[in-house]
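Structure assessment
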Amino acid sequence: MNLNALKDELRRRALAARQTAHEAAPDAGERLVDHFPFELLTPGMVVSAYWPLPGEIDPRPLMAALEARGACLALPVVIGPGHPLKFREWRAGDPLQRRAFGLMEPQETAPELVPDVLLVPLLAVDPDGNRLGFGKGYYDRTLAGLRAKGAPLAIGLAYEAQMVAAVPVDEFDQPLEWVLTEKRGTPLSPPSAHYPTSS
């Protein structure tokens, strides 16, 4: 079985596991707050999050906790296929606009920001920080571009059921440094083992 077929098979299993976990614990997002490494933050840091799609673990309780601790929140904006994500500022109560595939994005007038920390949605993640998404490559391109200029912290948000033994990867896949579930917050393999740091 080739790499793409392996990823597609894992996506099918991961989607089913995520849906089961969501139905069993729809309030799991509230427990992310208990396990987030707040000691890594400094006031004014830009933290990008995401507006949850059906079945995704809900980052909004964590977003509220981060904002209360002085973080500046941003949400991703899809520019188009083959492009990295952009990020625009979002504060509690700001209006959002619905885009393709049900994505909710800040208004086009919201300031563009560069995140120091990214809260990343996923389908599956392994102990080395290898992440499986939907295969469009938006976060991989985004993280590669940001890491070429600095060292943003990438934290995957998931149900515990989305943790797997191994995710098949290629040279374009960007790893995570942390994973946060409703049960724990776990630092993963050092990023230097996966991608070159900027000089």
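Structure: above.
Scope of this entry: the structure provided in the associated data block. (Residues numbered from 1 in each chain as written. Predicted model: local features only at pLDDT ≥ 70, side-chain atom pairs only at ≥ 80, totals over all residues. Heavy atoms only, no water.)

The full count for this structure, using the stated rule, is 13 salt bridges. A salt bridge links arginine 18 to glutamate 56, with the shortest nitrogen-to-oxygen separation between them at 4.0 Å. Of this pair, arginine 18 sits in helix α1 (residues 3-24) while glutamate 56 sits in the loop between β1 (46-48) and α3 (60-68), placing them 38 residues apart in sequence. Glutamate 56 gets classed as buried once you look at its relative accessible area, which sits at 9%. Among the salt bridges present, the one from glutamate 89 reaches arginine 91, with a minimum N-O distance of 3.0 Å. Its relative accessible area of 15% is what places glutamate 89 among the buried residues. A network of salt bridges, in which partner residues are shared, links Lys7, Asp170 and Asp173. (Salt bridge = Lys/Arg side-chain N within 4 Å of Asp/Glu carboxyl O. Helix = DSSP H or I, 4+ residues; strand = E, 2+ residues; numbered from the N terminus. Buried < 20%, exposed > 50% of the residue type's maximum accessible area, 1.4 Å probe, protein only.)

This brings us to the packing of helix α2 (residues 28-35) against α3. Axis separation between α2 and α3 bottoms out at 7 Å; the angle between their running directions is 35 degrees. For the pair α2 and α3, the contacting residues are Gly29, Glu30, Leu32 and Val33 in the first and Pro61, Leu62 and Ala65 in the second. Looking at the contact of α2 with α3 residue by residue, the classes come out as five nonpolar, one polar and one charged. (Axes fitted to C-alpha atoms, helices over the stretch in contact; angles between N-to-C directions. Contact = heavy atoms within 4.5 Å. Nonpolar A, V, L, I, M, F, W, Y, C, P; charged D, E, K, R; others polar.)

What follows deals with the nonpolar core. Ranked by internal contacts, the top residues of the largest apolar core, which has 49 residues, are Phe36, Leu62, Leu66, Leu119, Ile155 and Leu157. Taken together, the elements giving at least two residues each to this core come down to α2, β1, α3, β2 (72-77), β6 (117-120), α4 (138-147), β9 (153-157) and β10 (178-180). Residues contacting isoleucine 155, with those up to four places away along its chain left out, are Phe36, Pro37, Val117, Leu118, Leu119, Val120, Trp178 and Leu180. In this structure, Leu123, Ala124, Leu132 and Val167 belong to the second largest nonpolar core, which totals six residues. (Core = buried A, V, L, I, M, F, W, Y, C linked by side-chain atoms within 4.5 Å.)

As far as function goes, none of this settles anything; it's purely spatial.
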